[in-house]
Amino acid sequence: MSSHKSKLLVDRKLWLRDKDNNLLGIIQIKIWLVDDFRYPDKIKYRLVFAKKIGENKFDGDFLRYDNKKWKGPHIHRQGKEFPYRYQNIEKLIADFVDEIKALTSIDILKNL
């Protein structure tokens, strides 16, 4: 068990639907404030858009922003991994929302 302390700052889950109310996927945003030297900004995060790929099946690697302590900030896009330059929480969420909008043409900000 880790001796590092953390505090959950953001914990949101959203069912993303199109204009006809068809389920497109699930969005989950979790952001923690951590007391851990492995996170220089003291922020740990995981933002996921799990796209629906079948009846009760979701692709959790369709779009995911995270900063695992041993990898640092990065993005998973459709099974591939890319570096990400973390600046602050506001920019992180804006980048994630913009990417979902680019992938789905849906602005999720009104639902967050």
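Placed above this text is the structure.
Enquirer: Could you clarify how one ought to interpret the packing of aromatic side chains in this entry?
Expert: To describe a pair of aromatic rings, one takes the distance between the centres and the angle between the planes. This model, assessed by the stated rule, comprises four aromatic pairs. An angle of 85° between the planes, with centres 5.6 Å apart, marks the rings of Phe49 and Phe62 as edge-to-face. On the criterion of sequence distance, the pair formed by Phe49 in strand β3 (residues 43–54) and Phe62 in strand β4 (residues 57–66) is long-range, its members being 13 residues apart. With respect to burial, Phe49 and Phe62 carry one shared label: buried. Aromatic side chains Tyr65 and Tyr84 sit 5.2 Å apart centroid to centroid with 65° between the ring planes, which places their arrangement in the edge-to-face category. Here the residue Tyr65 occupies a position in strand β4, and Tyr84 occupies one in the loop between β6 (80–83) and α1 (89–104), the gap between them amounting to 19 residues. The class for Tyr65 is buried, based on a relative accessible area of 2%. Classification of Tyr84 as buried rests on a relative accessible area of 12%.

Enquirer: I'm lost on the environment of Lys71 in this one. Help?
Expert: In this fold, Lys71 is placed in the loop between β4 and β5 (74–77). A relative accessible area of 41% means that Lys71 is categorised as partly exposed. Separated by 3.0 Å, the side chains of Lys71 and Glu81 make a polar contact.

Enquirer: What is the right way to look at the pattern of salt bridges in this model?
Expert: Side chains carrying opposite charge are able to pair once their charged atoms draw close together. Scanning the entire structure with this criterion turns up five salt bridges. With a shortest N-O distance of 2.8 Å, Asp36 and Arg38 are connected by a salt bridge. A relative accessible area of 5% means that Asp36 is categorised as buried. Asp95 serves as the salt-bridge partner of Lys91, at 2.8 Å between the closest nitrogen and oxygen. Taken together, the positions of Lys91 and Asp95, both in helix α1 and four residues apart, correspond to about one turn of that helix. Taking relative accessible area as the criterion, Lys91 reaches 33% and is therefore assigned partly exposed.

Here is what the cut-offs are and how they apply
Residues numbered from 1 in each chain as written. Predicted model: local features only at pLDDT ≥ 70, side-chain atom pairs only at ≥ 80, totals over all residues. Heavy atoms only, no water. Phe/Tyr/Trp six-rings, centres within 6.5 Å; stacked < 30°, edge-to-face > 60°. Helix = DSSP H or I, 4+ residues; strand = E, 2+ residues; numbered from the N terminus. Buried < 20%, exposed > 50% of the residue type's maximum accessible area, 1.4 Å probe, protein only. Polar contact = N/O pair within 3.5 Å; in protein donor to acceptor, adjacent residues only side chain to side chain. Salt bridge = Lys/Arg side-chain N within 4 Å of Asp/Glu carboxyl O.

Treat this as a map of the structure, not an account of what it does.
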